[in-house]
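Observations on the three-dimensional arrangement
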Amino acid sequence: MSFTLTTPLYYVNDRPHLGSTYTTLACDAVARYRRLCGEEVVFVTGCDEHGLKIQRTAEAAGLTPQAHCDRVSDQYRDLWQRWQISHDRFIRTTDLRHRQLVHQFFARVVASGDVVEGRQQGWYCVACEEFKDDPHEADDPECPVHRRPLEWRDEVNLFFRLSRYQRQIEELIARPGFIAPASRRREVQNFVAGGLKDFSISRIGLPWGIPVPGHEGHTFYVWFDALLGYLSALLEPSETVDLNLVLQRGWPASLHVIGKDILRFHAVFWPAMLLSAGLPLPEQVFGHGFLTREGQKMGKSLGNVLDPEVLLKRCGADAVRWYLLRDIPFGDDGDFQQQRFSDLVNNDLANTIGNLLNRTSSMARKWFAEAVPPAGAAGEPRHPLAVRALAAGPVYESAMQALDFRSAAEAVLQLAIEANGFLNEQAPWKRMKEPGQEEQVAAALYAVLETCRWVGLLLAPLLPALSGRILSQLGQPVLTGVQASPGDPSPWRQALHWGGLAPGLPLPEPSPVMLRLELDAPL
Ligand code: MSP
């Protein structure tokens, strides 16, 4: 059984921003962690390219919708590559293969008797691509999310009979763990308790969409088509498009990671569509919080959007990943604060972890023939740092399983803090000057270097690049979770035992593994 996880398929109406980068980085950490544990992972991301919003954006840019989509989806693909995102699949909903799959899926839903004609009347938000039940200001209604005018729609189109799935959806969302974090469940429960209404799945007069077979002039509602991207992403490009095959390619998904804004689509509409088509349901939908910047909502009009390109160039992936994953409880809203960002990166990564490794390996090289010193008593699992490391492992693992990146990061950081404390207490730079202390010094340095090895290993899913530099500095193989590492226990878990660093192993000349961030100007 593989572990399939997905990011949302991002709209190509605009360039990638920090919000989509946040979700994708978090998924990347999960995917790497699972692969390191030996699991087979299918990590899906991609772009959602149909709908009115995109059609209008393309028109405004003087491009055909296809040319516009090609351009923006290339930007996404390229950005993820530069952020070293380890996705296995990148789906574009304008793929012809996706269209075929949508048609197959639709045929099943029709066969279940779940497609009926109906009249759709209501206020529509083009930015959300969603009808709004209770718009603000009845005279001049605007979207409560986007604060933009809503558009009136009145047309006869096709509806999906969501109302038939009331009981099954109630049972599903009551299932512990289906909606995570648990705090988000209430909101969905209230929505469902209000009674599920059928929703329209086609549009008339909207050319930029997938045509509905047998219904001239209709295209599929963008959300109906987009959610199905999670399925078409699983099929190999070379194989015939056959909906049945998804079951052998990683469906059902273990985890959909999304922002809280699109929870309803994933926890209510999507499962009902799958039930109708006779397909199994995803195990978990995790709705994370929203990022603001220095207390303000990010938006083009405020001119305060954080550009992932700029962040990457000026700060590097490790710094950003650390800040977002370590400082913001995944699930809660979070505020990006530049000062705090650079303080955390400099304190945690450059000082606590980077300097620790640097000064310890310099001392080891200087006094012990440029190699790992003899372990002596520090090779024992009773050693105080061994006790700490062995306790940190399970804490870290259960945090990663629960997508609690903050606790996972804290467990690693705490280990490095303990090692710093131990090193200062042992003060090998003083002891080395006293006669007969060499063995003690060797053991102290060994214990700290071995702790650094643990830190490097545990950082692999969170900060793969820094992890790689730490492990290389210790002459260790680098494991970054890009490929599955099968085995029981997996090579990564196997490496997580105390005493893995071999005394006498040559230590490469140290160079700083993490540079300090000096951010004078705003990002
Ligand atoms: N295309 C739909 C998803 C279809 S999934 C089958 C969509 N796309 S989107 O481009 O608008 O991306 C939405 C996702 O981006 C959110 O769910 C969230 O993951 C992320 N974020 C967008 N802005 C964000 C913040 N300010 N903060 C955190 N994440 C946010 O909705």
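Calculation notes
Residues numbered from 1 in each chain as written. Predicted model: local features only at pLDDT ≥ 70, side-chain atom pairs only at ≥ 80, totals over all residues. Heavy atoms only, no water. Buried < 20%, exposed > 50% of the residue type's maximum accessible area, 1.4 Å probe, protein only. Helix = DSSP H or I, 4+ residues; strand = E, 2+ residues; numbered from the N terminus. Pairing = 2+ DSSP bridges. Near = heavy atom within 4 Å. Polar contact = N/O pair within 3.5 Å; in protein donor to acceptor, adjacent residues only side chain to side chain. Areas by Shrake-Rupley, 256 points an atom, 1.4 Å probe, with all protein chains shown as cover. Contact = heavy atoms within 4.5 Å. Axes fitted to C-alpha atoms, helices over the stretch in contact; angles between N-to-C directions. Core = buried A, V, L, I, M, F, W, Y, C linked by side-chain atoms within 4.5 Å.

**Focus: the pairing of strand E11 (residues 255–259)**
Most of E11 is tucked away, with five of its five residues classed as buried. Side-chain alternation along E11 places Leu255, Val257 and Gly259 on one buried face and His256 and Ile258 on a second face that is also buried. As paired strands, strand E1 (residues 3–11) and E11 are joined by two bridges and run parallel to one another. Paired with Thr6 across the two strands is His256, which belongs to E11. Summarising the sheet, E11 and strand E12 (residues 285–288) pair through four bridges and their orientation is parallel. Looking across to E12, one finds that Ile258 is bridged to Gly287.

**A look at the site of the ligand**
Close contacts around the ligand come from 21 residues, with Leu9, Thr23, Asp48, Gly259 and Leu291 the closest. Within the backbone of Leu9, one N or O atom sits 2.8 Å away from a nitrogen atom of the ligand. One of the backbone nitrogen or oxygen atoms of Tyr11 is found 3.0 Å away from an oxygen atom of the ligand. For the ligand, the accessible surface in isolation is 670 Å², of which the surrounding protein chains cover 91%. Listed by contribution, the elements that provide at least two residues to the shell around the ligand are E1, helix H1 (18–36), helix H7 (222–227) and E11.

**Section: the sheet that holds strand E3 (residues 89–92)**
The pairing of strands in a sheet happens through backbone hydrogen bonds and is either parallel or antiparallel. With parallel pairing, the six strands of this open sheet are ordered in space as E3-E2-E1-E11-E12-E7. Each edge of the open sheet is held by one strand with a lone partner, namely E3 and strand E7 (179–180). Here H1 sits on the sheet in contact with E1, strand E2 (41–48), E11 and E12, set at roughly 165 degrees to E1.

**Comments concerning the nonpolar core**
Among the nonpolar cores identified, the biggest contains 176 residues, and Phe105, Leu231 and Phe341 are the most heavily contacted of them. By residue number, the principal contributor to this core is helix H16 (residues 438–459), which donates 15 residues. Discounting chain neighbours no more than four positions away, the residues touching Phe105 are Phe224, Leu228, Leu231, Leu243, Met273, Leu274, Ala277 and Leu279. Residues Cys125, Cys128, Cys143 and Leu150 belong to the second largest nonpolar core, which totals five residues.

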